[in-house]
Amino acid sequence: MPQHAIHLERLLPELLSFEQPADRVVSRYFRAEPQLGNRDRALIAESAFAILRRKNEFSQFAVSGEGSQARRLALLGLLSALSEGGLGSANRAESAIADLAHVLKPGEYEWLQRFATVDPAALNPLVRNNLPEWLWDAFGKYPGEDTREELAKALMHPALLDLRANTMKTTREELLVQMNALGGRYQAIPTPYAPDGVRIMGKPALQNTAGFKAGMFEVQDEGSQLLAYLLAPKRGEMVVDFCAGAGGKTLAIGALMRSTGRLYALDTSERRLANLKPRQARSGLSNVHPVWIDSENDSKIKRLAGKIDRVLVDAPCSGMGTLRRNPDLKWRQTPEGVLELNEKQMNILSSASRLLKPGGRLVYATCSLLPQENQQIAEAFLEKHPNFEAVPAAEVLKPLFPKDKLPLGCSLDNPWWQLWPHIHGTDGFFGAVFQKKASVSALTVDKDDEKSVKVKSKKVVKELK
Ligand SMILES: C[S@@+](CC[C@H](N)C(=O)[O-])C[C@H]1O[C@@H](n2cnc3c(N)ncnc32)[C@H](O)[C@@H]1O
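Residues numbered from 1 in each chain as written. Predicted model: local features only at pLDDT ≥ 70, side-chain atom pairs only at ≥ 80, totals over all residues. Heavy atoms only, no water.

Draft legend 1. Focus on the nonpolar core. Leu-15, Leu-76, Leu-100 and Leu-112 are the most contacted members of the largest nonpolar core, which totals 39 residues. Within the second largest apolar cluster, 37 residues are counted, among which are Leu-231, Ile-253, Ala-265 and Trp-417. (Core = buried A, V, L, I, M, F, W, Y, C linked by side-chain atoms within 4.5 Å. Buried < 20%, exposed > 50% of the residue type's maximum accessible area, 1.4 Å probe, protein only.)

Draft legend 2. Inspection of empty space enclosed by the protein at higher detail. What the rule picks out here adds up to four cavities of 30 Å³ or more. Approximately 90 Å³ is the volume attributed to the largest cavity. What lines the largest cavity is Arg-164, Ala-165, Thr-167, Asp-196, Gln-225, Ala-228, Tyr-229, Ala-252, Ala-255 and Leu-256. Elements supplying a minimum of two residues to the lining of the largest cavity: strand 1 (161-165), helix 13 (222-231) and helix 14 (248-256). In terms of domain composition, the lining of the largest cavity takes at least three residues from each of domain 2 (161-219) and domain 3 (222-464). (1 Å grid on protein atoms, 1.4 Å probe; cavity = no way out; pocket = protein on both sides within 12 Å on 5 of 7 lines; lining within 4 Å. Points joined across faces, edges and corners; volume = space filled by probe spheres on them. Helix = DSSP H or I, 4+ residues; strand = E, 2+ residues; numbered from the N terminus. Domains from an automatic or database assignment.)

Draft legend 3. Looking closely at the pairing of strand 14 (residues 429-436). Within strand 14, seven of the eight residues are buried, leaving the element largely enclosed by the surrounding structure. By the bridge criterion, six bridges tie strand 9 (residues 356-366) to strand 14 in an arrangement that is antiparallel. Of the residues in strand 14, the one forming a bridge with Val-363 is Val-433. With four bridges connecting them, strand 10 (residues 388-391) and strand 14 associate as antiparallel partners. Along strand 14, the bridge assignment pairs Phe-388 with Lys-436. By the bridge criterion, three bridges tie strand 13 (residues 417-419) to strand 14 in an arrangement that is antiparallel. Paired with Trp-417 across the bridge in strand 14 is Gly-431. (Pairing = 2+ DSSP bridges.)

Draft legend 4. Structural detail: the site of the ligand. If you check the shell around the ligand, you find 17 residues, and the closest are Lys-249, Asp-267, Arg-272, Glu-296 and Asp-314. With respect to the ligand, the side chain of Asp-267 contributes an N or O atom lying 2.6 Å from an oxygen atom. One of the side-chain nitrogen or oxygen atoms of Thr-268 is found 3.5 Å away from a nitrogen atom of the ligand. Considered on its own, the ligand offers 600 Å² of accessible surface; in the complex 85% of this is hidden by protein. Mapped by element, the contributors of at least two residues to the shell around the ligand are helix 14 and helix 18 (335-353). Taken together, the residues of the shell around the ligand sort by class into seven nonpolar, four polar and six charged. (Near = heavy atom within 4 Å. Polar contact = N/O pair within 3.5 Å; in protein donor to acceptor, adjacent residues only side chain to side chain. Areas by Shrake-Rupley, 256 points an atom, 1.4 Å probe, with all protein chains shown as cover. Nonpolar A, V, L, I, M, F, W, Y, C, P; charged D, E, K, R; others polar.)

Draft legend 5. The UniProt feature "binding site: S-adenosyl-L-methionine" (unreviewed entry) in the protein, seen in detail. Within this numbering scheme, the UniProt entry marks Asp-267, Asp-294 and Asp-314 as carrying the feature "binding site: S-adenosyl-L-methionine" (unreviewed entry). Its location among the elements puts Asp-294 in the loop between strand 7 (288-292) and helix 16 (299-303). Its place among the elements puts Asp-314 in strand 8 (residues 308-314). Beyond its immediate stretch of four places on either side in the chain, Asp-314 contacts Cys-243, Lys-249, Ala-365 and Thr-366. Looking at Asp-314, its side chain comes within polar contact range of the side chain of Lys-249, at 2.7 Å. (UniProt positions renumbered as here; feature names shortened; annotations may be inferred. Contact = heavy atoms within 4.5 Å.)

Draft legend 6. Spotlight on the domain arrangement of the protein. As far as domains go, the protein holds domain 1 (2-130), domain 2 (161-219) and domain 3 (222-464). Each of domain 1 and domain 3 was reduced to a C-alpha centroid, and the two centroids are 38 Å apart. Taken residue by residue, the interface counts 12 residues in domain 1 and eight residues in domain 3. When domain 1 packs against domain 3, close to 890 Å² is buried across both sides, 54% of that on carbon and sulfur atoms. When the area that domain 1 buries against domain 3 is broken down by residue, the three leading residues are Phe-18, Leu-52 and Arg-53, summing to 46%. At the boundary of domain 1 with domain 3, the tally comes to zero salt bridges. Taken together, the connections running from domain 1 to domain 3 amount to six residue pairs in polar contact (both at pLDDT 80 or more). In terms of residues, the side of domain 1 that touches domain 3 owes the most to one element, helix 3 (residues 38-53), which gives three residues. A breakdown of the residues in the side of domain 1 that touches domain 3 according to their chemical character gives five nonpolar, three polar and four charged. (Buried area = accessible area lost by both parts, 1.4 Å probe. Salt bridge = Lys/Arg side-chain N within 4 Å of Asp/Glu carboxyl O.)

Printed below as a string of structure tokens:
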């Protein structure tokens, strides 16, 4: 373990400069240190992310103590990673300190023990909750002063590892057996709501398993899995995933369509779309068509106008709902950055809405918790597009995922769908469903029989090439 602290000390300056996303900095570091094994990498990465999650608390405590500031942060990161149980150890702080004892220099053992006995209630709320002031204030407005601390606490813990069984190749039950056969340290259980989800306690390296290579599963948060049900794609439909990225949601949607119909995966990032290709190949889906676009106004999109049954806009957003797994975002994002995103979100949603047939469904989604990126965009969209109406999420999801008599994430007070880390144990998600109102001329278009739909979709694919 001495080398873990040394690697962390080396990694920290770049990580804490916040110039690059943390996962990129960590991956680059590991590429330059090929001798590190899987377990070492897991502990170093988990400790680095713990430092980002609890930066205010750790920085305040690390003002005093032995050695350099980087060494102190590294030790606090290791202590947190070893005591969180994210690595399958589920140790308490005392036993984690004991695990570290043999690498500690004089005075460090007592210093860590002092840290473990700090009373969080005595700390300033910004320090205790590890949030920048603007975000703490924003959470005070929504979800509100009474609940923001609970939310902040949930965001300080690493996310659990969720998988989605690829139902084109296996079942959840088979995947559970496969995962439980990995070894005693890990335990796999069904996710509470997503019907194909498997939750793993501990963090096994899965990329090299035969099941992963054979496309039996994808790593995907339960909330993301549930979002595919809000789009509710049907077999044989024409569907567009407008901001498909590396295709996490595309693949879940494609499986719900049982690999029928056509599913266009659009994105402006060639790099992300390139990452979709191997995942698509593993998945066995033949209905997915990745298409690179130069912007939301690309002429390829215009050619699909009025032809699509369902469109998902999983918009670029601040990612504040994913702070459990991307804690650097809370230090990198700013209120000005959110304003810029708002303009982008509105433009993408407006362009995407042109794709829909009369009667077609548009789902706007983010992994943000900020109303500016969620409710306010959905409301502004409805105001600007009187040819669309909101469809209550509860109506779309019923009878799925019942919780307190309503489908999970739905409310009687509004039509939107929202998942919270502190309530649902998922990443934070927002979803709004809109339906394009049917017009008289549209009714005749809707009468197309299946054959003519097939001919048309072939033509569209040709046009996109
Ligand atoms: C939240 S991510 C999507 C994640 C993805 N749906 C998934 O499940 O993995 C947002 C995506 O929007 C893409 N994007 C940004 N601007 C865009 C635009 N104008 N049109 C389409 N996609 C855009 C980004 O490249 C990014 O991949």
